[in-house]
Amino acid sequence: MKYRISILLAFLGFFAQAQERLTLKDAVNYALQNKAEAVKARLDVQNSEYQIDEVRANALPQISANGGLTYNAIIQKSAVDASVFGQGTGIMMIPFGLPWQTNASVSLNQQIFNQAVFTGLKAAKSTREFYKINAQLTEEQVIEKVANSYYEAYKTESQLTTIDKTIENTSRVRDVIKSLFDNGLAKKIDLDRIDVNLNNLKSSRQQLVNALQLQENALKYLIGMDMNQDIELPKNTFEITKHALVDESTNIENRTEILLLEKQGELLALNKKAINAEGYPSLSFTANYGYLGFGEKLPWFQTLPDAAWSNFSAIGLNLNIPIFNGGSVKAKVRQAQIDIEKLEADKRDTRLGLDLELKNAVTQLNNSLITLNIQKENVNLAKEVLTNIENNYKFGLATLTDLLDAETQYADAQNNHTNALLDYKVAEIALIKAKGELKSLTQE
């Protein structure tokens, strides 16, 4: 029974870690849900709501309750003229107060006019929008990293597929040479050379296997996936899509980087306004109500003659009018204006950089497409050459060197085609980013 349970648990563990088929869409969506950067960006948005609540609290009534109990171990005495009390001349020391004193009160403070508080509330709401845009930018950065890493891993996997086909083809040729050698129609050196070539291919394959493992681990890290989870990339990932289209509606003003800078400019303007508000008058309403108790003994739960109680209350307005602060507000306002001007410079530079990024992305994509078509044609030609030389070799019309060279050229052509396809996909990602459409990768 114990062994059956162990076997059952082993099977459960196997299925829990079953290989997962991972498309680019799946990888991107997984990263947006699990990667630390995306999670923290969402938490920043959530935290901005609490920041608004904190600022809003300053505009709401502030109510507090206070209480105290004091035992006057030694009651202070005051000096008075004895004649006042008909005690002749001289000075009398008379204690004022009782040993026990207690109080309980409730106070209220309400801002009626305070420009700094009201401006702070507007800034808090703008901060929420800032964090939302920043979260979107963070997601786009995560998507870009994941997409590039995904295609890099797929490139290696495609190269691994190519070398497997090459090994299969070389093994087939090796069997032909072995048969010829056994029948005295081929030289031993030819068989040795093909064996060396086959061993080199197997060594290269192992290097690709190791590289693929490292790249898949890097991809799993980028998307926040458990390193023990096996993944499989689908075979149709490398394909030319429609993202290369750029029309007149493409506008860098819709880029998240620009929207973030615009919102940052709004926050800096509100900051300047808040600093200016430090020089404005402020008006607040105050009120309090409470009780005082005195007695020779603890006044709690006591009445006359053991304790005396008195209530009190006050209502008022507090007006504060700044008159002179040494020019500190003026200096801070100028500093805030400098920050605004620096941001405007950043905006101009960012717009210029995004324009450059868009134009370069279009150019790179077009060049990559041309290279891709050339490499595709090279693969077809190299395959045709290899087929012809194989046939010629069988009839003694081509040397083994020619055959090995043709195989190498065919494998190189396939790898060059894979590299060109990767370059195209990377250029495509760059163009999607330049168009501000990276989120579309979550929906493909």
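Residues numbered from 1 in each chain as written. Predicted model: local features only at pLDDT ≥ 70, side-chain atom pairs only at ≥ 80, totals over all residues. Heavy atoms only, no water.

A separate point is the packing of helix 4 (residues 115–182) against helix 7 (residues 328–394). At their nearest, the axes of helix 4 and helix 7 sit 12 Å apart, and the two run at 10 degrees to each other. If you check the angle between helix 4 and helix 7, you find them roughly parallel. Note on element contacts: helix 7 touches helix 4 through Leu 386, Glu 390 and Tyr 393, opposite Asn 169, Arg 172, Val 173 and Ile 177. Across the contact of helix 4 with helix 7, the residue classes tally to 4 nonpolar, 1 polar and 2 charged. (Axes fitted to C-alpha atoms, helices over the stretch in contact; angles between N-to-C directions. Helix = DSSP H or I, 4+ residues; strand = E, 2+ residues; numbered from the N terminus. Parallel < 35°, antiparallel > 145°, perpendicular 65-115°, else oblique. Contact = heavy atoms within 4.5 Å. Nonpolar A, V, L, I, M, F, W, Y, C, P; charged D, E, K, R; others polar.)

This part covers the packing of aromatic side chains. Applying the stated rule across the entire model yields 4 aromatic pairs. Look at Phe 130 and Tyr 131: their rings are 5.9 Å apart centre to centre, the planes differ by 70 degrees, and that puts the pair in the edge-to-face class. Phe 130 gets classed as buried once you look at its relative accessible area, which sits at 18%. Against the face of Tyr 221 rests Lys 35, its NZ or CZ located 3.6 Å from the ring centre. (Phe/Tyr/Trp six-rings, centres within 6.5 Å; stacked < 30°, edge-to-face > 60°. Buried < 20%, exposed > 50% of the residue type's maximum accessible area, 1.4 Å probe, protein only. Lys NZ or Arg CZ within 6 Å of the ring centre and 35° of its normal.)

Time to look at the packing of helix 4 against helix 5 (residues 188–223). Where helix 4 meets helix 5, the closest approach of the two axes is 8 Å, and the angle between their N-to-C directions is 160 degrees. Accordingly, the angle class assigned to the pair helix 4 and helix 5 is roughly antiparallel. In this structure, helix 4 crosses over helix 5, and the sense of that crossing is left-handed. The class makeup of the residues in the contact of helix 4 with helix 5 is 21 nonpolar, 9 polar and 12 charged. (Left-handed = near helix turned anticlockwise from the far one by under 90°.)

Within the structure shown, the criterion is met by 20 salt bridges. Of the charged contacts, one joins Lys 178 and Asp 182 as a salt bridge, the two residues approaching to 2.9 Å between their closest N and O atoms. Placement of both Lys 178 and Asp 182 in helix 4 is noted, with a separation of 4 residues, approximately one turn of the helix. As a salt-bridge pair, Glu 278 and Lys 332 come within 2.9 Å of each other at their nearest N and O atoms. Taken as a pair, Glu 278 in the loop between helix 6 (256–277) and strand 7 (282–295) and Lys 332 in helix 7 lie far apart in primary sequence, 54 residues in all. Classification of Lys 332 as partly exposed rests on a relative accessible area of 33%. (Salt bridge = Lys/Arg side-chain N within 4 Å of Asp/Glu carboxyl O.)

A separate point is the confidence of the model for the protein. For the protein, the mean per-residue pLDDT works out to 86, and 92% of the residues sit at or above 70. Taking the mean pLDDT of every element in the protein, the minimum, 43, falls on helix 1 (residues 2–16) and the maximum, 94, on strand 2 (residues 62–71). Low pLDDT (under 50) marks residues 1–16, which in the prediction has 1 contact with non-local residues, meaning those over four places away or in another chain. (pLDDT = per-residue confidence, 0-100.)

The 4 strands lie next to each other as 2-5-7-8, forming an open sheet whose pairing is antiparallel. This sheet does not close on itself; its edge strands, each paired only once, are strand 2 and strand 8 (307–320). Strand-to-strand, the axes of this sheet are offset by a mean angle of 15 degrees, without reference to chain direction. Note that strand 5 (residues 100–113) and strand 7 share 13 bridges and pair antiparallel. Looking at the pairing, Ser 107 lines up with Asn 288 of strand 7. (Pairing = 2+ DSSP bridges.)

Our next topic: the side chain of Ser 282. Examined against the element boundaries, Ser 282 turns out to sit in strand 7. If we ignore the near neighbours within four places in the chain, the residues touching Ser 282 are Phe 113, Asn 114, Asn 318, Leu 319 and Asn 320.

Once that is clear, we can look at the nonpolar core. With 31 residues, the main nonpolar core has Leu 22, Leu 24, Val 146, Tyr 150, Leu 219, Ile 223 and Leu 441 as its most contacted residues. Of the residues forming this core, the biggest block, 11 residues, is contributed by helix 4. Ignoring any residue separated from it by four or fewer positions in sequence, one finds Ile 223 in contact with Leu 22, Ala 27, Tyr 30, Ala 31, Asn 34, Lys 35 and Val 146. (Core = buried A, V, L, I, M, F, W, Y, C linked by side-chain atoms within 4.5 Å.)

Attention shifts here to the environment of Ala 123. With respect to the helices, strands and loops of the structure, Ala 123 is situated in helix 4. Beyond its immediate chain neighbours, meaning those up to four positions away, Ala 123 contacts Leu 267 and Leu 270.

As a further point, take the layout of surface pockets. Within this model, the largest pocket holds a volume of roughly 340 Å³. The wall of the largest pocket is formed by 14 residues, among which Ser 158, Thr 162, Lys 165, His 417 and Thr 418 lie closest to the centre. For the lining of the largest pocket, the secondary-structure elements that each account for two or more residues are helix 4 and helix 8 (400–434). Counting residues per element, the lining of the largest pocket draws most heavily on helix 4, at 6 residues. Its residues assigned to classes, the lining of the largest pocket shows 5 nonpolar, 6 polar and 3 charged. (1 Å grid on protein atoms, 1.4 Å probe; cavity = no way out; pocket = protein on both sides within 12 Å on 5 of 7 lines; lining within 4 Å. Points joined across faces, edges and corners; volume = space filled by probe spheres on them.)

Time to look at helix 8. Taking 1.5 Å per residue, 35 residues should reach 51 Å; helix 8 reaches 50 Å between its end C-alpha atoms and fits that length. Backbone geometry just after helix 8 places Gly 436 at a positive phi near 70 degrees. (Expected span 1.5 Å × (residues − 1).)

For the rest of this paragraph, the subject is the environment of Val 80. Within the secondary structure layout, Val 80 lies in strand 3 (residues 77–81). On the basis of relative accessibility, which here comes to 22%, the residue Val 80 falls in the partly exposed class. Separated by 308 residues in sequence, Val 80 and Asn 388 place their C-alpha atoms 130 Å apart. Sequence-distant contacts of Val 80, that is, excluding residues within four places in its chain, are made with Phe 85, Gly 90, Ile 91, Met 92 and Ile 94.

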